[in-house]
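Take a look at the letters that make up each chain.
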Amino acid sequence: MAEKISRFSDQAGVFFQGFVKHPRMVGSIIPSSRFTVNKMLAPVDWANCRLFVEYGPGVGTFCRPVLERLPAGAALLVIDTNPLYIDYLNRTIADSRFTAVLGSAADVEQIVRQSGHGHADYILSGLPFSTLPDGVGPAIVKATHAVLRPGGAFLVYQFSAKARSYMARHFTSIDSGFEFWNVLPCRLFWGWKSE
Ligand SMILES: C[S@@+](CC[C@H](N)C(=O)[O-])C[C@H]1O[C@@H](n2cnc3c(N)ncnc32)[C@H](O)[C@@H]1O
């Protein structure tokens, strides 16, 4: 219990430091709730997941639950622009299936190729699409659609519906949800790439 409390306050502190340095890139002062994590990950077909990619992992709120569900031999590749978060993740997550890359989600195609994979099965995004610099959000969604395998999905949670308008340009099937128990309550989207 004491270890859990210490890890929680450690994570909250690092997350807040990252927010103070880059408020528009982080877009939130505290990490997502476990209700958001569970709802967002519920539709994933874990048995058929070889590569799971996450954009904007922050201090790893989703990384640990993803690793708990991911089969042995599969991989979790996370991409974040903030070196403070990448350094924290590399210090605190010891799992051979885990790789943290300092970079932008806009370069996902190149990053996935460099990791030795041809495509991703699922891509999760915690990016604050509403406050990203002009043009970056649409470019990320386009690259995401290109690198997903047919039948794979783009999982997005956000305080606004901005991301959905970008997703609709590429994904013909988009499921929507809502999670009240999160600071702030957030919208959830699952964009499925056609088979
Ligand atoms: C709202 S935080 C999400 C944190 C965490 N996933 C959670 O749910 O608690 C947004 C994250 O996106 C990262 N970020 C912003 N722009 C990015 C980009 N272009 N590529 C990758 N990560 C980015 C920020 O550094 C930050 O870690």
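Basis of the calculations
- Residues numbered from 1 in each chain as written.
- Predicted model: local features only at pLDDT ≥ 70, side-chain atom pairs only at ≥ 80, totals over all residues.
- Heavy atoms only, no water.
- Patch = residues over 30% accessible without salt bridge, like charges linked within 9 Å, V, L, I, M, F, W, Y side chains within 5 Å.
- Areas by Shrake-Rupley, 256 points an atom, 1.4 Å probe, with all protein chains shown as cover.
- Salt bridge = Lys/Arg side-chain N within 4 Å of Asp/Glu carboxyl O.
- Helix = DSSP H or I, 4+ residues; strand = E, 2+ residues; numbered from the N terminus.
- Buried < 20%, exposed > 50% of the residue type's maximum accessible area, 1.4 Å probe, protein only.
- Contact = heavy atoms within 4.5 Å.
- Pairing = 2+ DSSP bridges.
- Axes fitted to C-alpha atoms, helices over the stretch in contact; angles between N-to-C directions.
- Phe/Tyr/Trp six-rings, centres within 6.5 Å; stacked < 30°, edge-to-face > 60°.
- Polar contact = N/O pair within 3.5 Å; in protein donor to acceptor, adjacent residues only side chain to side chain.

S.K.: Honestly, a nonpolar patch on the surface in this entry has me stumped. Any pointers?
M.R.: Taken together, the side chains of Ile-30, Phe-159, Val-183 and Leu-184 make up a nonpolar region of the molecular surface, amounting to roughly 350 Å² of accessible area. By the element assignment, Val-183 lies in the loop between β6 (173-179) and β7 (186-192).

S.K.: Even after reading the chapter, I still don't get the environment of Phe-178, so can you show me in this structure?
M.R.: If you trace the backbone, Phe-178 turns up in strand β6. Accessibility expressed as a relative area gives 46% for Phe-178, which makes it partly exposed. Each residue touching Phe-178, except ones within four places of it in the same chain, is listed here: Lys-39, Pro-185, Cys-186 and Leu-188.

S.K.: Looking at this structure, how should I read the sheet that holds strand β2 (residues 75-80)?
M.R.: The strands making up a sheet associate through hydrogen bonds between their backbones, and the pairing can be parallel or antiparallel. One open sheet accounts for 7 strands, arranged β3-β2-β1-β4-β5-β7-β6; its pairing is mixed. In this open sheet, the two strands that pair with only one neighbour each are β3 (98-102) and β6. The sheet shows a mean angle of 15° between the axes of neighbouring strands, direction not considered. Of the pairings in the sheet, the one linking β6 to β7 comprises 7 bridges and is antiparallel in character. Note that in β7 the partner of Ser-173 across the bridge is Trp-192.

S.K.: Could you clarify how one ought to interpret the packing of aromatic side chains in this entry?
M.R.: What characterises a pair of aromatic rings is the spacing of the ring centres plus the angle enclosed by the ring planes. Tallied over the entire structure, the rule returns 7 aromatic pairs. Ring plane angle 15° and centroid distance 5.5 Å describe the contact between Trp-46 and Phe-52, whose orientation is recorded as stacked. Residue Phe-52 is classed as buried on the basis of its relative accessible area of 0%. With 6.4 Å between their ring centres and 25° between their planes, Phe-52 and Tyr-122 make a pair best called stacked. In this pair, Phe-52 sits in strand β1 (residues 51-55) while Tyr-122 sits in strand β4 (residues 120-125), placing the two residues 70 residues apart along the sequence. Of the aromatic side chains, those joined through ring pairs into one cluster are Trp-46, Phe-52 and Tyr-122.

S.K.: Can you walk me through the side chain of Asn-182 in this structure?
M.R.: In this fold, Asn-182 is placed in the loop between β6 and β7. Residue classification places Asn-182 among the buried positions, given a relative accessible area of 9%. A polar atom in the side chain of Asn-182 sits 2.8 Å from the side chain of Thr-36. Polar side-chain contacts of Asn-182 include one of 2.8 Å to the backbone oxygen of Leu-184. If we ignore the near neighbours within four places in the chain, the residues touching Asn-182 are Ser-32, Ser-33, Thr-36 and Phe-159.

S.K.: Looking at this structure, how should I read the pairing of strand β5 (residues 148-158)?
M.R.: Side chains on a regular strand alternate between the two faces of the sheet. When you tally the buried positions in β5, you get 10 out of 11 residues, the bulk of the element. In this structure, β4 lies alongside β5, joined through 5 bridges in parallel fashion. The partner of Ser-125 across the bridge, within β5, is Val-156. Pairing geometry for β5 and β7, over 6 bridges, is antiparallel. Along β7, the bridge assignment pairs Gln-158 with Arg-187.

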